[in-house]
Amino acid sequence: MTALWQNEFNADNLIDYARASKDLSEYIRVLVKEGYRHLVVPSRGAVPFISAAAAAWRLDIRSLPTYDERLKEMSELTYSPFHQKLILPFSADPQDATQTTAAIRRYWSRVLAGIVRRDGTDPYLTFYKVLVENLAKRNWLAALPSKLPTENFIFVDTVVSGRAICEIFRAFEEVGLDKCHFILIVDARGAEVAQRYQREIKAMADQGRCTVLPVNRLFTEDRGPAVSGVWSTVYPQILDAVRQRFEWARDAYGAGTFYHQVSSSQVKPRQGIGTPDYNMPVTQMYASLYVGISTAVRALRDAEAAEKKLADQVGRESSAFAEMLAERQADIDLDLRRQLEYQLMKFREAVEEMKPYSPLDKETTRILAEPRVHEAHPDAVVTVSSSHLVRVTLPDSEISRVMLEAEREIALGKDVLDDDWFR
């Protein structure tokens, strides 16, 4: 844990996340003016950036000089993609050599295509509804935004090696999703992206369909809900069953994944572990990192405001402008780093008190996920992958029940989007 705090969960990386979040906010606002009204989020690692980007927009609104300007911009935010986002789990979890990550991306691309085209009888989308209602035990209307994405959506994803996003590029092309704009948050400032994938990303950028936001360390990627704020659940047996039952699902390796928002009950830490409404120390860590990123977003906004204020006071052409600006921004940066170091210190102390539970351990994710899964599936066996995907193994009777429901729903051919909730 100490090495992780020093190398990844530190002030520099929180500030770097804040910078990327501010850039993301600005790019989304530009795309809104170009007619893009929806966000599609396939990555757990991207969620903190989107939350911080929305916060950056709110800060900018508060700084506007008049009430009418603030009201107009707040209306823009309210109807912006930040409030019309669709989270679909493109997570890849192949179980054997016959399954490929590319097939998983194709599966979820087909689900997304059904939503974009309002094809509520599409079997991929219908089966997703079965998963949401019968496995995740969630209301279908709560799983999708009321205003469904159109073909002009913004796809925000995180990139490490580049393979996953390039598989998504190809899958989107295959299903005809060719009008979206990709915003890619890239780890190690692109140094780890393989050359063949760099070429594909550059080609998409050259077409004006892709924007790249580099970060130093993408510490939210492939970690548990303590870092990203969400987690994924997969049901491998259901994947096998649906592939065997339906011709259209022969390569549907991706079906069965769902997201859960991180939250926590207000009970004493050691009393809460193992209960279904408890997430400590996960919530504590996620909140600490989010507060740190938000603190940095505010400081970066303050630095910009200081430049404008100083320009108004002495003029940019003044010989003293550069020196005075550097001094003011240095003071803001120093104050920010003091705040972040204090926040990180207090959280390290809190994590130490939680021993033997570590927010970053797979076992902690399992302990927190298991009682939630058991509320819906009492006889399920819960394990966790190296990337913190929660795997649920179900009794044969439960698999049969879900498959019967899937067969019934698909045979009925009912429009799963035929509800006044969806627009």
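Undergrad: Explanation requested: helix 11 (residues 236-245) in the structure shown.
TA: An α-helix turns once every 3.6 residues. As a result, residues three or four positions apart point the same way. Those residues of helix 11 lying buried are Pro236, Ile238, Leu239, Ala241, Val242 and Arg243. The inward-facing, buried residues of helix 11 contact helix 6 (123-134), strand 6 (230-234), strand 9 (389-393) and helix 16 (396-412).

Undergrad: Just checking my understanding: could you explain the packing of aromatic side chains for this structure?
TA: Each aromatic ring pair is described using two quantities: the centre-to-centre distance and the angle formed by the ring planes. In the structure shown here, the tally under the stated rule is 15 aromatic pairs. Pairing Phe169 with Phe182 gives two aromatic rings, centres 4.7 Å apart and planes at 75°, and the pair type is edge-to-face. Placement of the pair is Phe169 in helix 8 (residues 163-175) and Phe182 in strand 4 (residues 181-186), with a sequence separation of 13 residues. Like Phe169, the residue Phe182 is buried in the burial classification. Here a set of aromatic residues connected by ring pairs shows up, and it is made of Tyr107, Trp108, Tyr124, Tyr128, Trp140, Phe246 and Trp248.

Undergrad: Honestly, the pattern of salt bridges in this entry has me stumped. Any pointers?
TA: Tallying each qualifying case throughout the model produces 23 salt bridges. A salt bridge links Arg29 to Asp60; the shortest N-O distance between them is 2.9 Å. A residue pair is termed long-range when its members are at least 10 positions apart, and Arg29 in helix 2 (residues 11-33) and Asp60 in helix 3 (residues 47-62) qualify at 31 residues. The residues Arg29 and Asp60 share a single accessibility class, namely buried.

Undergrad: Mind showing me how you'd approach unusual backbone geometry here?
TA: Excluding glycine, a negative phi dihedral is what most residues carry, and trans is how most peptide bonds are arranged. Despite not being glycine, Arg118 has its phi angle at roughly 60°, a positive value. Its location among the elements puts Arg118 in the loop between helix 5 (101-116) and helix 6.

Undergrad: Sorry, what's going on with the side chain of Lys129 here?
TA: Within the fold, Lys129 resides in helix 6. Those residues in contact with Lys129, other than ones at most four positions away along the chain, are Trp140, Glu409 and Val416.

Undergrad: Is there a simple way to think about the sheet that holds strand 5 (residues 210-214) in this case?
TA: Pairing between the strands of a sheet comes from backbone hydrogen bonds, and it takes one of two forms, parallel or antiparallel. Pairing is parallel across the open sheet formed by 5 strands, whose spatial order is 2-1-3-4-5. In this open sheet, the two strands that pair with only one neighbour each are strand 2 (85-87) and strand 5. On average, adjacent strands in this sheet sit at an angle of 20° to one another, irrespective of strand direction. Taken together, the 5 bridges between strand 4 and strand 5 define a ladder with parallel strand orientation. What sits directly across from Leu184, in strand 5, is Val212. Strands in contact with helix 9 (residues 195-206) are strand 3 (153-159), strand 4 and strand 5; relative to strand 5, the strand with the most contacts, it is inclined by about 125°.

Undergrad: Just to check I follow, could you spell out the nonpolar core for this structure?
TA: Nonpolar side chains in soluble globular proteins tend to end up buried together. If you look at the biggest cluster of nonpolar residues, it comprises 65 residues, and the most contacted ones within it are Trp140, Ile165, Phe172 and Phe182. The greatest single-element share of this core, amounting to 8 residues, is contributed by helix 5. In this view, Phe172 contacts Phe90, Ser109, Leu112, Phe153, Phe155, Leu177, Cys180 and Phe182; residues no more than four positions away in its chain are not counted.

Undergrad: I tried to follow the packing of helix 6 against helix 16 on my own but got confused; where do I start?
TA: A packed helix pair is summarised by two numbers, namely the angle formed by the two axes and the spacing between the axes. At a minimum axis distance of 10 Å, the contact between helix 6 and helix 16 shows a crossing angle of 140°. Regarding the angle of helix 6 to helix 16, the classification is oblique. With respect to the hand of their crossing, helix 6 and helix 16 are arranged in right-handed fashion. Each of Pro123, Thr126, Phe127, Lys129, Val130 and Asn134 in helix 6 lies in contact with helix 16, whose residues at this interface are Arg401, Val402, Glu405, Ala406, Glu409 and Ile410. Each residue belonging to the contact of helix 6 with helix 16 can be placed in one class, and the counts come to 6 nonpolar, 2 polar and 4 charged.

Cut-offs and rules
- Residues numbered from 1 in each chain as written.
- Predicted model: local features only at pLDDT ≥ 70, side-chain atom pairs only at ≥ 80, totals over all residues.
- Heavy atoms only, no water.
- Buried < 20%, exposed > 50% of the residue type's maximum accessible area, 1.4 Å probe, protein only.
- Helix = DSSP H or I, 4+ residues; strand = E, 2+ residues; numbered from the N terminus.
- Contact = heavy atoms within 4.5 Å.
- Phe/Tyr/Trp six-rings, centres within 6.5 Å; stacked < 30°, edge-to-face > 60°.
- Salt bridge = Lys/Arg side-chain N within 4 Å of Asp/Glu carboxyl O.
- Pairing = 2+ DSSP bridges.
- Axes fitted to C-alpha atoms, helices over the stretch in contact; angles between N-to-C directions.
- Core = buried A, V, L, I, M, F, W, Y, C linked by side-chain atoms within 4.5 Å.
- Parallel < 35°, antiparallel > 145°, perpendicular 65-115°, else oblique.
- Left-handed = near helix turned anticlockwise from the far one by under 90°.
- Nonpolar A, V, L, I, M, F, W, Y, C, P; charged D, E, K, R; others polar.

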